[in-house]
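# Descriptive analysis of the structure
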Amino acid sequence: MGLFGFGKKNNQNDGIAMPDFEQSMQKKAIALDEVFVKLDKKNGVNLSKHIAEVIAIIDYSISMDDYYHNKSVERALERLLPIGIKFDDNGHIPTYLFTEKFYKMPDVTRKNCRGYLKANLPSNSKFSMGGTDYSPVLNEVFKEYKRSHVPGVPTYVMFLTDGNCSESDEKRTDDVIRQMAEENIFVQFIGIGRNSFTYLHHLDDFKDRRCDNTGFTNINIMGKVSDDELYTQLLEEYSKWVRDYMIK
């Protein structure tokens with residue numbers, strides 16, 4: 001079982017054998033629907049018909065190298081894809097790699113998710129692994145939002161990282177998160193590995209903004225939990241933000 005808790009099952013659907021990947025995606029979609037029902041009862045927010053732009057941001061720092069080689073990042077995308085398919089009306093997830101800079105990847109879709117990173121990771125001459133600064137890629141996402149967002153449609157950002165940003169980038173990241181809080185943008189930070197994530201805990205709680213527009217989940221702790229528990233963790237704070245702070 002990998003970092004994100006995948007396991008192959010050889011079940012059947014209505015008596016018809018399905019490829020493992022399609023079967024796995026179907027099970028995740030069912031788990032996601034069940035989480036929607038649970039969050040509706042708990043927080044009074046029905047996400048089953050919710051529409052949002054979903055964006056994936058993935059750490060490409062040197063410390064992430066093992067996670068790419070052992071396909072943990074690939075499995076993460078596969079596990080997060082149902083959220084993008086459900087929320088985004090075209091089923092496309094704009095995807096970025098980041099170091100101290102950023103690199104725009106092709107959109108992730110249901111059709112290209114299997115083997116996506118192997119097919120689309122840039123060569124070193126285009127974009128190489130480096131350090132960890134959050135603000136450049138977050139600023140790019142914010143600029144793109146200002147250029148093209150649809151009024152009333154929020155943006156849900158899934159931000160995957162194995163460490164804190166550099167100390168010199170913390171204030172810049174605070175600033176862009178504060179600007180995003182004035183708009184319909186929610187950022188769900190997803191930590192992997194055993195880092196203490198001190199800054200992300202700060203970012204999850206800091207008060208100097210219009211509203212709490214960030215969440216933080218440490219996937220390393222959740223490696224063996226079910227899809228139901230994972231999607232609950234990723235959407236719990238977002239559902240409250242939709243209820244209390246989203247600009248209609």
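Refer to the structure printed above.
Report on the accompanying structure.

Basis of the calculations
Residues numbered from 1 in each chain as written. Predicted model: local features only at pLDDT ≥ 70, side-chain atom pairs only at ≥ 80, totals over all residues. Heavy atoms only, no water. Core = buried A, V, L, I, M, F, W, Y, C linked by side-chain atoms within 4.5 Å. Buried < 20%, exposed > 50% of the residue type's maximum accessible area, 1.4 Å probe, protein only. Contact = heavy atoms within 4.5 Å. Phe/Tyr/Trp six-rings, centres within 6.5 Å; stacked < 30°, edge-to-face > 60°. Helix = DSSP H or I, 4+ residues; strand = E, 2+ residues; numbered from the N terminus. Lys NZ or Arg CZ within 6 Å of the ring centre and 35° of its normal. Salt bridge = Lys/Arg side-chain N within 4 Å of Asp/Glu carboxyl O. Pairing = 2+ DSSP bridges. Axes fitted to C-alpha atoms, helices over the stretch in contact; angles between N-to-C directions. Parallel < 35°, antiparallel > 145°, perpendicular 65-115°, else oblique. Left-handed = near helix turned anticlockwise from the far one by under 90°.

## Some words on the nonpolar core
The nonpolar side chains of soluble globular proteins are, as a tendency, buried together. Counting residues in each nonpolar core, the largest one holds 49 residues, and the members touching the most others are Tyr68, Val73, Ile83, Phe87, Tyr156, Leu235 and Tyr238. Setting aside residues up to four positions removed in sequence, tyrosine 238 forms contacts with His50, Ala52, Phe87, Pro154, Tyr156 and Phe186. Among the nonpolar cores identified, the runner-up in size contains 25 residues, and Phe98, Val137, Phe159 and Phe189 belong to it.

## A look at the packing of aromatic side chains
Per the stated rule, a full pass over the model turns up 19 aromatic pairs. Between phenylalanine 87 and tyrosine 156, the aromatic rings sit 6.3 Å apart at their centres with planes inclined by 90 degrees, giving edge-to-face as the arrangement. Taken together, the positions of phenylalanine 87 in helix 3 (residues 72-87) and tyrosine 156 in strand 6 (residues 155-161) put the pair 69 residues apart, joining distant regions of the chain. Relative accessible area serves as the criterion here: at 0%, tyrosine 156 is assigned to the buried category. Over the ring of tyrosine 96 we find lysine 104; its NZ or CZ atom is 5.5 Å from the centre of that ring.

## Section: the pattern of salt bridges
Taken as a whole and judged by the stated rule, the model has 17 salt bridges. A salt bridge links arginine 147 to glutamate 144; the shortest N-O distance between them is 2.5 Å. A residue pair is termed a helical-turn pair when its members lie 3 or 4 positions apart in one helix, as arginine 147 and glutamate 144 do in helix 5 (residues 135-148) at 3 residues. Since its relative accessible area comes to 31%, glutamate 144 is described here as partly exposed. A salt bridge links aspartate 212 to arginine 209; its shortest N-O distance comes to 3.3 Å. Residue classification places aspartate 212 among the partly exposed positions, given a relative accessible area of 30%. Salt bridges sharing common partners tie together Lys171, Asp175, Arg178 and Asp208.

## Section: the sheet that holds strand 5 (residues 102-108)
Here we have 6 strands laid out as an open sheet, ordered 5-4-3-6-7-8, and mixed in their pairing. Looking at strand neighbours, the two that pair on one side only are strand 5 and strand 8 (214-218), the edges of this open sheet. Strand-to-strand twist of the sheet, defined as the mean angle between neighbouring strand axes without regard to direction, takes the value 20 degrees. Taken together, the 5 bridges between strand 4 (residues 93-98) and strand 5 define a ladder with antiparallel strand orientation. Bridging across to strand 5, tyrosine 96 finds its partner in lysine 104. Sitting on the sheet, helix 8 (residues 227-244) is in contact with strand 6, strand 7 (185-191) and strand 8, with an inclination near 160 degrees to strand 7.

## Digging into the packing of helix 5 against helix 6 (residues 167-181)
Axis separation between helix 5 and helix 6 bottoms out at 9 Å; the angle between their running directions is 20 degrees. Looking at the two axes, helix 5 sits roughly parallel to helix 6. Both helix 5 and helix 6 take part in a crossing whose hand is left-handed. Across from Ser135, Pro136, Leu138, Asn139, Val141 and Phe142 in helix 5, the residues of helix 6 making contact are Asp169, Arg172, Thr173, Val176, Ile177, Gln179 and Met180.

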